[in-house]
Amino acid sequence: MLRIRALRKSFGDHVVLDGIDLDVARGEVVCLIGASGSGKSTLLRCIDMLEETDDGDIHLGDLELTDPAIDQNRARARIAMVFQAFNLFPHMTVMQNLTLGPRRVKQVPHREAEARARELLARVGLEAKAYAYPDSLSGGQQQRVALIRAVAMDPELLLLDEVTSALDPLLVTEVLDVIRELAREGRTIVMATHEMDFARECADRIVFLSGGRIIESGPPEQVFTAPRDQRTAQFLARHTARR
Amino acid sequence: MTTLPGSSPPPPSARQRERNAYRRRRTVRRVVVGTVSSLVVLGLAAWVITSAPGWPRVREVYFSGHHARESFPAIWDAFWLNVRLFMTVELIVLPLALAVAVIRVVPAPAMAPFKFIAAVYTDVFRGIPTILVVMLVGFGFPALGLAGVPTSLFWLGAIALTLSYGAYVAEVIRAGILSIHPTQWAAGRALGLTYGQTLVRVILPQAIRNVTPPLMNDFVSLQKDTALVSTIGLVEALRAAQVYQANTFNVTSMCVAALFFIIVTIPLARFTDWLTIRSMRRQGGL
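Residues numbered from 1 in each chain as written. Chains lettered and ligands numbered in written order. Predicted model: local features only at pLDDT ≥ 70, side-chain atom pairs only at ≥ 80, totals over all residues. Heavy atoms only, no water.

Asker: Explain the overall build of chain B residue by residue, including any values.
Answerer: Across its full length, chain B carries 10 helices and 0 strands. Secondary structure elements of chain B, listed N to C terminal, follow the sequence α-α-α-α-α-α-α-α-α-α. Relative to the compact-globule value of 19 Å for 286 residues, chain B shows a C-alpha radius of gyration of 27 Å, a clear excess of over 25%. If one aligns the C-alpha atoms of chain B with their principal axes, the spans along those axes are about 85 × 75 × 35 Å. (Helix = DSSP H or I, 4+ residues; strand = E, 2+ residues; numbered from the N terminus. Rg over C-alpha atoms; globule rule 2.2 N^0.38 Å.)

This is the structure we're talking about:
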């Protein structure tokens, strides 16, 4: 469904993505792992057309996302992205945050959008917060709202950019629980994460990036227990020893 | 925090009653100290001023009750002109400034000529002293003899103040737009909103809220600058006071005019405080 070929991106002289090839099938959950600065976030931002790419193609189904002439707004309605810093709209209530996209982009009637939002809030245990403002919620609650704000758009592809990195450890679990459930529903998810246990448990495939390249890609058991590349082994040794 | 229906909270412990009593005593003490020190400071200031050798003369020339009553009706009538003027200008300035600010921010290539005009407009009118704009418009526009250009002094004054304050307010709003973190743009676009929808629904509401205090400050400043239209011959509060002063050689009328300006700015200042606190409270900051 998502097909990336020879993708390149640099910021000035700094090469961030150095020829990325990646295929993601419908319903697949792909976890991008790698040190900070390895290009995980940039890759996700390129897929969501938030960054202009230097070379290579990205296709979503039959749509070429790297074509500068495409209607980005229509393409983005098929992709949803959740950010590390939640990025909820602080001047809107939770309910307004959840219904803005469906109402304004998908022209869903007000009442229908609210009913759907309520349903999603119930699923993440936040029905009581429908009319609260984001700043009065905890980080974990805010990120759960951000996740269902993305889901409310019924995207074909969900991009999660280190969604638990800004949370303290106790709150990470509640957010991961939501992602786990979304994965079980058969959603297509590409997520950058530092949560190795979660990646091992929930991913269909692990992709290890270093220096803007995909060093290794494979099923979690294989990557975690028998990494083929030295760099993967070193990275995993450092990141699993800490726990 | 909340109690279950039907259950009442237990009575406070003896220690808690002591604490409450202490807090009450402390409150009383604070009120007393505040009141006494205010009276002492203000009394002292009043005594220093009134005991000065020139005070009786100053009181007669600046604060004469008789002249205040005599000049009041004329200034009151003239002040309505100031009120109508700043109300009109505020209503026109907001959409004008918003448009200028948005044009300067939006990257659409079709906007290029307008961006240029908007930039020149803000640079020019922020650079010219308001009193000069009032004179140039007030005397220059009618001289043009262009069809459709208003000839009433009121509208010439309104146009001059709008031009001047539009440039200031546009810059304040633009600063507000630029103060919103780029991640909010990313979040709006990632949700599938268009550039315009993101601007209108996500960025502008936050931007305007952030700049409400400086915006209100500009409006306070505008209320005072309505006095500048006296230079093109409009009889507003300041001019009315001057007329009275010229006839009586007493400056009290000026103080009366000053009082009018102070009285209209105070509600605006309190309103700004209230707006700020409300938005803080809404967003859980208080």
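Don't stop here, the text continues.
Asker: Pulling in residues and values, what's your account of the overall build of chain A?
Answerer: Along the backbone of chain A there are 9 helices and 10 strands. For 243 residues, the compact-globule estimate of 2.2 N^0.38 gives 18 Å, and the C-alpha radius of gyration of chain A, at 18 Å, lies within 12% of that figure. Overall size of chain A, expressed as C-alpha extent along the three principal axes, is 55 × 45 × 30 Å. Residues classed as buried in chain A amount to 56% of the 243 residues present. Across chain A, the 31 positively charged side chains and the 36 negatively charged ones have centroids separated by 2 Å. (Buried < 20%, exposed > 50% of the residue type's maximum accessible area, 1.4 Å probe, protein only. Lys, Arg positive; Asp, Glu negative; His and termini not counted. Charge placed at Lys NZ, Arg CZ, Asp CG, Glu CD.)

Asker: Could you give an account of the state of the cysteines, with specific residues and numbers?
Answerer: All names here are of chain A. Under the criterion given, the structure shown has 0 disulfides over all chains. The thiol of Cys46 is unpaired, and the distance to the nearest cysteine sulfur, on Cys31, comes to 19 Å. Among the residues examined, Cys46 registers a relative accessible area of 3% and is labelled buried. The thiol of Cys202 is not disulfide-bonded; the next cysteine sulfur, from Cys31, is found 7.7 Å away. We classify Cys202 as buried; its relative accessible area is 14%. (Disulfide = S-S within 2.5 Å.)

Asker: Break down the interface of chain A and chain B for me, citing the residues and quoting the values.
Answerer: Listed by partner, the interface residues are 23 residues for chain A and 19 residues for chain B. Carbon and sulfur atoms make up 60% of the surface buried where chain A meets chain B, a total of about 2,000 Å² over both sides. Considering only the side of chain A, the residues that lose the most area to chain B are His91, Arg104 and Tyr133 of chain A, jointly responsible for 28% of the buried surface there. In this structure, the connection of chain A to chain B is made through 6 residue pairs in polar contact (both at pLDDT 80 or more). Where the side of chain A that touches chain B is concerned, the elements lending two or more residues are helix 2 (72-76), strand 6 (79-82) and helix 3 (94-104) of chain A. Its residues placed into classes, the side of chain A that touches chain B shows 13 nonpolar, 5 polar and 5 charged. (Contact = heavy atoms within 4.5 Å. Buried area = accessible area lost by both parts, 1.4 Å probe. Polar contact = N/O pair within 3.5 Å; in protein donor to acceptor, adjacent residues only side chain to side chain. Nonpolar A, V, L, I, M, F, W, Y, C, P; charged D, E, K, R; others polar.)

Asker: Go over the environment of Ala241 of chain B with me, naming the residues and quoting the values.
Answerer: All names here are of chain B. With respect to the element layout, Ala241 can be found in helix 9 (residues 237-248). Here Ala241 falls in the buried class, since its relative accessible area comes to 0%. When the C-alpha atoms of Ala241 and Ser71 are compared, they prove to be 7.2 Å apart, with 170 residues separating the residues in sequence.

Asker: Let's hear about the nonpolar core: which residues, and what values?
Answerer: The biggest cluster of nonpolar side chains holds 99 residues, and the ones touching the most others in it are Leu2, Ile4, Leu32, Leu43, Ile47 and Leu65 of chain A together with Ile177 of chain B. At 15 residues, the largest contribution of residues to this core is made by helix 3 (residues 65-105) of chain B. Once residues lying within four places of it in the same chain are set aside, the contact partners of Ile4 of chain A are Ile20, Asp21, Leu22, Leu43, Ile47, Asp57 and Ile58 of chain A. Grouped together as the second largest cluster of nonpolar side chains are 51 residues, Val82, Met95, Ile148 and Val175 of chain A included. (Core = buried A, V, L, I, M, F, W, Y, C linked by side-chain atoms within 4.5 Å.)

Asker: Pulling in residues and values, what's your account of the pattern of salt bridges?
Answerer: All names here are of chain A. On inspection of all chains with the given rule, the structure shows 23 salt bridges over all chains. Close ionic contact of Arg123 with Glu181 constitutes a salt bridge, the shortest N to O distance being 3.5 Å. Placement of the pair is Arg123 in helix 4 (residues 110-123) and Glu181 in helix 6 (residues 169-184), with a sequence separation of 58 residues. By relative accessible area, which is 34% here, Arg123 ends up partly exposed. Accessibility expressed as a relative area gives 33% for Glu181, which makes it partly exposed. Across the pair Glu185 and Arg123 runs a salt bridge, and its minimum N-O distance is 2.3 Å. (Salt bridge = Lys/Arg side-chain N within 4 Å of Asp/Glu carboxyl O.)

Asker: Talk me through a negative patch on the surface; I want residue IDs and the actual numbers.
Answerer: There is a patch of like negative charges on the surface, built from Glu52, Asp54, Asp55 and Asp57 of chain A. You can see Asp54 of chain A is positioned in the loop between helix 1 (40-47) and strand 4 (55-60). (Patch = residues over 30% accessible without salt bridge, like charges linked within 9 Å, V, L, I, M, F, W, Y side chains within 5 Å. Areas by Shrake-Rupley, 256 points an atom, 1.4 Å probe, with all protein chains shown as cover.)

Asker: Go over a positive patch on the surface with me, naming the residues and quoting the values.
Answerer: On the surface, a cluster of positive charge is made up of Arg24, Arg25, Arg29 and Arg30 of chain B. Relative to the helices and strands, Arg30 of chain B is located in helix 1 (residues 14-50).

Asker: Could you give an account of helix 5 (residues 139-151) of chain A, naming the residues involved and the relevant values?
Answerer: A rise of 1.5 Å per residue sets the reference length of helix 5 of chain A, with its 13 residues, at 18 Å; its end C-alpha atoms lie 18 Å apart and thus fit the reference within 8%. Counting buried positions along helix 5 of chain A yields 12 of 13 residues, so the element is predominantly enclosed. Those residues of helix 5 of chain A that fall on the buried side of the exposure criterion are Gly140, Gln141, Gln142, Gln143, Arg144, Val145, Ala146, Leu147, Ile148, Arg149, Ala150 and Val151 of chain A. Packed against the buried residues of helix 5 of chain A are strand 6, helix 3, helix 4, strand 7 (157-161) and helix 6 of chain A together with helix 7 (182-190) of chain B. (Expected span 1.5 Å × (residues − 1).)

Asker: Any chance you could break down the sheet that holds strand 5 (residues 63-64) of chain A for me, citing the residues and the numbers?
Answerer: Residues and elements named next belong to chain A. The antiparallel open sheet is built from 4 strands, whose spatial order is 2-1-4-5. If you trace the sheet from one side to the other, it starts and ends with strand 2 (14-24) and strand 5, each paired once. Sheet topology note: the strand 4/strand 5 ladder contains 2 bridges and is antiparallel. The residue bridging His59 from the neighbouring strand is Glu64, located in strand 5. On top of the sheet, helix 1 reaches strand 1 (2-11), strand 2 and strand 4; it is set at about 115° to strand 1, its chief contact. (Pairing = 2+ DSSP bridges. Axes fitted to C-alpha atoms, helices over the stretch in contact; angles between N-to-C directions.)

Asker: So what's going on with the sheet that holds strand 8 (residues 188-192) of chain A? Which residues, and what values?
Answerer: Residues and elements named next belong to chain A. The strand order across the open sheet formed by 6 strands is 6-7-8-3-9-10, and the pairing between neighbours is mixed. Sheet topology places strand 6 and strand 10 (213-218) at the edges, where each strand pairs with a single neighbour. Between one strand and the next, the sheet's axes are offset by a mean angle of 15°, whatever the strand orientation. Where helix 1 meets the sheet, it contacts strand 3 (29-33), strand 6, strand 7, strand 8 and strand 9 (205-210), and its direction lies at approximately 145° from that of strand 7.

Asker: Give a description of the side chain of Glu162 of chain A that names residues and reports values.
Answerer: Residue and element names in this part refer to chain A. Inspection of the secondary structure assignment puts Glu162 in the loop between strand 7 and helix 6. A polar contact of 3.1 Å, which involves the side chain of Glu162, links it to the side chain of Ser165. Apart from residues lying up to four places away in sequence, Glu162 is in contact with Lys40, Ser41, Gln84, Ala192 and His194.

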